[in-house]
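# Residue-level structure breakdown
Letter by letter, the chains look like this.
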Amino acid sequence: MADGNQYQEYALSEKNSQNPNGLSQLLTVPDPCIMAIFGASGDLTKRMLIPSLYELFSAKLLPENFTVLGYSRKEMDDKIFRESMNEAIKTYCDPGNDECIKHFLSNIYYLPGKYDDEASYLSLKEKLDALCKEKNIYGNRLLYMSVPPEAIPEIVNQLGKSGLNRNIDDDSWTRIIFEKPFGHDLESAKLLNKRIRKYFREEQVYRIDHYLGKETVQNIIVTRFANGIFEPLWNRNYIDHVEITSAENIGIEGRAGYFDSTGALKDMVQNHLLQLLGYIAMEPPAMFDAKSIRDESLKVIQSLRPYELSDVDKMVIRGQYTSSVVRGKNVEGYREEEGVPIDSRTETFVALKTYIDNWRWGGVPFYIRTGKRLPTKVTEIVIHFRSTPYHLFKNKDDMAESYNQLVIRIQPDEGILIKFAMKVPGYISESEKRQYGFSLFRSWRCGPSYCL
Ligand code: BG6
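Residues numbered from 1 in each chain as written. Predicted model: local features only at pLDDT ≥ 70, side-chain atom pairs only at ≥ 80, totals over all residues. Heavy atoms only, no water.

Around the ligand, the neighbouring residues are Lys180, His210, Tyr211, Lys214, Glu248, Arg255, Asp267, Met268, His272, Lys372, Lys377 and Gln411. One of the side-chain nitrogen or oxygen atoms of His272 is found 2.7 Å away from an oxygen atom of the ligand. Separating an oxygen atom of the ligand from a side-chain N or O atom of Lys372 is a distance of 2.8 Å. Notes on the ligand: free accessible area 400 Å², of which the protein chains cover 81%. For the shell around the ligand, the element with the most residues is helix α10 (residues 263-281), which contributes three residues. (Near = heavy atom within 4 Å. Polar contact = N/O pair within 3.5 Å; in protein donor to acceptor, adjacent residues only side chain to side chain. Areas by Shrake-Rupley, 256 points an atom, 1.4 Å probe, with all protein chains shown as cover. Helix = DSSP H or I, 4+ residues; strand = E, 2+ residues; numbered from the N terminus.)

This is the structure:
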């Protein structure tokens with residue numbers, strides 16, 4: 001059966017192979033390749049990319065001789081880059097085996113270079129070719145953009161001019177990966193797409209969203225489509241409303257430059273939370289493969305009811321965090337964070353109500369919200385089923401609205417919980433709320449299944 005890392009890997013290899021048997025491919029290790037990370041001196045490389053690659057490496061899910069070439073403007077040599085990646089692995093991964101870390105780091109290199117200078121790209125090409133030869137990688141190249149959005153058009157241009165956009169021969173591939181933000185509005189996204197498509201064929205381009213790599217997000221599809229019990233209820237006849245929440249207790253973590261020109265709506269909603277909405281609301285895909293899932297998810301997005309200007313006041317709330325005390329520690333308000341203009345109107349919180357105008361969901365409100373510096377950290381989807389036509393039993397705790405729910409917890413404590421009413425034990429006929437659930441990673445209080 002699929003597990004998280006392997007699905008991502010499947011998504012990456014799927015474009016090349018037209019094998020309709022989705023799942024049987026999941027255990028294959030990808031082709032030998034070299035990954036060039038643009039913006040390698042940045043925070044994302046340290047906090048996410050290298051630790052994730054290391055974990056794949058230690059789980060033996062990377063191809064032999066998998067090599068990383070870090071590329072960015074900062075002057076550094078291989079040794080300094082490796083030291084900093086060593087520290088990153090020790091900070092962000094579970095305690096590892098020193099030998100394993102050493103082996104992984106021995107395939108990591110660094111090249112300083114500019115983003116807008118032809119000579120730098122020639123050196124990059126030479127370095128990539130030399131490493132491919134040395135490591136017997138046959139020219140498969142993965143170009144990962146971990147740079148500020150404004151740098152991307154020029155990088156794509158230079159990659160095109162230097163020929164780094166092309167496969168080396170018929171047996172090798174060159175792919176390019178982008179994360180959000182992909183432009184800053186429809187117009188700029190279209191322009192960026194046009195620029196990319198000038199140099200790269202569509203099958204070379206991967207626009208990714210890290211939420212789709214989360215175990216519980218992948219599990220939404222399995223829960224919905226591997227169990228017959230949910231489908232008959234999964235529609236407007238039985239579902240009253242749906243909440244999709246991603247609450248973070250951290251602030252902007254020194255990312256004022258990026259965040260203040262982006263805001264919570266573009267940082268979280270248009271990408272991560274709409275992906276969750278797509279998975280919750282989609283029709284069953286014809287196959288378990290990247291294209292079928294993407295096609296069904298797209299239909300959901302296309303059915304979202306557009307807002308009229310007059311709806312915005314009624315259906316959308318924006319906010320900013322102010323200074324407060326979190327777990328006994330004074331924390332700054334958004335406008336006091338370094339680099340944020342004192343009169344900034346960028347939202348750090350947004351909540352909205354939306355409708356999916358199709359046969360399954362017509363009339364069911366979906367509430368989506370996200371924010372930084374909230375009292376707790378939780379990402380979850382709550383399906384509220386319709387209540388019974390009248391209440392036959394007295395509720396012990398008067399919490400009828402909190403019955404009839406299916407909670408899909410994305411993080412932390414990944415798992416699924418069902419809340420419903422049960423009889424209070426004894427000689428009374430009152431009902432009370434009970435919860436049954438299971439944790440994906442068995443970290444919940446009473447192991448794989450429990451009842452509260
Ligand atoms: C990123 C956003 O895409 O997702 C961050 O830019 C946010 O602002 C992060 O904190 C949340 O991701 P996760 O995996 O921690 O929920």
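Moving on from the model shown.
This brings us to the sheet that holds strand β5 (residues 174-178). Taken in spatial order, the six strands make up an open sheet running β3-β2-β1-β4-β5-β6, and their pairing is parallel. Of all strands in the sheet, those bounded by a partner on one side alone are β3 (108-112) and β6 (205-207). The sheet shows a mean angle of 20° between the axes of neighbouring strands, taken without regard to direction. Where strand β1 (residues 34-38) meets strand β4 (residues 141-145), five bridges bridge the pair, whose relative direction is parallel. (Pairing = 2+ DSSP bridges. Axes fitted to C-alpha atoms, helices over the stretch in contact; angles between N-to-C directions.)

Among the residues of helix α4 (residues 98-105), those classed as buried are Cys100, Ile101, Phe104 and Leu105. Angularly, the buried residues of α4 cover 130° about the axis, an arc narrow enough to put them on a single face. Among the exposed residues of α4, those pointing more than 90 degrees away from its buried face are Asp98, Glu99 and Lys102. On the buried face of α4, the contacting elements are α2 (43-58), α3 (78-92) and β3. Two or three places before Glu99, at the opening of α4, Asn97 has a side-chain oxygen 2.8 Å from that residue's backbone nitrogen. (Buried < 20%, exposed > 50% of the residue type's maximum accessible area, 1.4 Å probe, protein only. Arc of directions from axis to C-beta. Contact = heavy atoms within 4.5 Å.)

Bringing the packing of aromatic side chains into the picture now. In total, this model carries 12 aromatic pairs according to the counting rule given. On the numbers, 6.1 Å between centres and 70° between planes, the contact of Phe259 with Tyr334 is edge-to-face. Note that Phe259 is positioned in helix α9 (residues 256-259) and Tyr334 in the loop between β10 (329-331) and β11 (349-355), a separation of 75 residues in sequence. Note on Tyr334: relative accessible area 0%, which makes it buried. Cluster of aromatic residues (ring-pair linked, three or more members): Phe38, Tyr71, Tyr115 and Tyr121. For Arg373, the ring lying beneath its charged end belongs to Tyr321, and the centroid distance is 5.7 Å. (Phe/Tyr/Trp six-rings, centres within 6.5 Å; stacked < 30°, edge-to-face > 60°. Lys NZ or Arg CZ within 6 Å of the ring centre and 35° of its normal.)

Moving on, we get to the pairing of β5. Taking burial as the measure, the five residues of β5 include five buried ones, the bulk of the element. Residues Thr174, Ile176 and Phe178 of β5 are buried on one face, and the alternating residues Arg175 and Ile177, pointing to the opposite face, are buried as well. Relative to β5, β4 is paired through five bridges, and the arrangement is parallel. Pairing of Met145 across the sheet is with Phe178, part of β5.

Turning our eyes to something else, we now look at a nonpolar patch on the surface. Together, Tyr307, Leu309 and Val312 make up a nonpolar patch on the protein surface, roughly 300 Å² of accessible area in all. Positionally, Tyr307 belongs in the loop between α11 (290-302) and α12 (309-315). (Patch = residues over 30% accessible without salt bridge, like charges linked within 9 Å, V, L, I, M, F, W, Y side chains within 5 Å. Salt bridge = Lys/Arg side-chain N within 4 Å of Asp/Glu carboxyl O.)

Position of Glu179 among the secondary structure elements: in the loop between β5 and α7 (186-199). No salt bridge is formed by the buried Glu179, whose closest oppositely charged neighbour, Lys180, lies at an N-O distance of 6.2 Å. Of note is the side chain of Glu179, whose polar atom sits 2.5 Å from the side chain of Tyr144. If near-sequence neighbours (up to four positions away) are discounted, Glu179 is found in contact with Leu44, Tyr144, Ile208 and His210. (Lys, Arg positive; Asp, Glu negative; His and termini not counted.)

This part is about α11. An ideal rise of 1.5 Å per residue puts 18 Å on 13 residues; α11 measures up with 18 Å between its terminal C-alpha atoms. Buried within α11 are the following residues: Ser292, Ile293, Glu296, Ser297 and Val300. Down the axis of α11, the smallest arc covering the buried residues is 125°, so these residues share one side. Along α11, the residues that are exposed and aim more than 90 degrees away from the buried face are Lys291, Arg294 and Gln302. (Expected span 1.5 Å × (residues − 1).)

Here the focus is the pattern of salt bridges. Under the defined criterion, the tally for this structure stands at 19 salt bridges. Here Glu283 makes a salt bridge to Arg360, at a shortest N to O gap of 2.7 Å. Of this pair, Glu283 sits in the loop between α10 and α11 while Arg360 sits in the loop between β11 and β12 (365-371), and the two are 77 residues apart along the sequence. For Glu283, a relative accessible area of 32% corresponds to the partly exposed category. Looking at Arg360, the relative accessible area reads 9%, which means it is buried. One salt bridge connects Lys291 with Asp295, and the closest N-O pair in it is separated by 2.7 Å. With Lys291 and Asp295 both in helix α11, this residue pair falls four residues apart, about one helical turn.

Overall, the prediction assigns the protein chain a mean pLDDT of 88, with 89% of residues at 70 or greater. When the criterion is pLDDT under 50, residues 1-25 qualifies, and its contacts beyond four places in sequence or with other chains add up to 51 contacts. Every residue in residues 443-452 scores below 50 in pLDDT, and together they form 26 contacts with partners more than four places removed in sequence or on other chains. (pLDDT = per-residue confidence, 0-100.)

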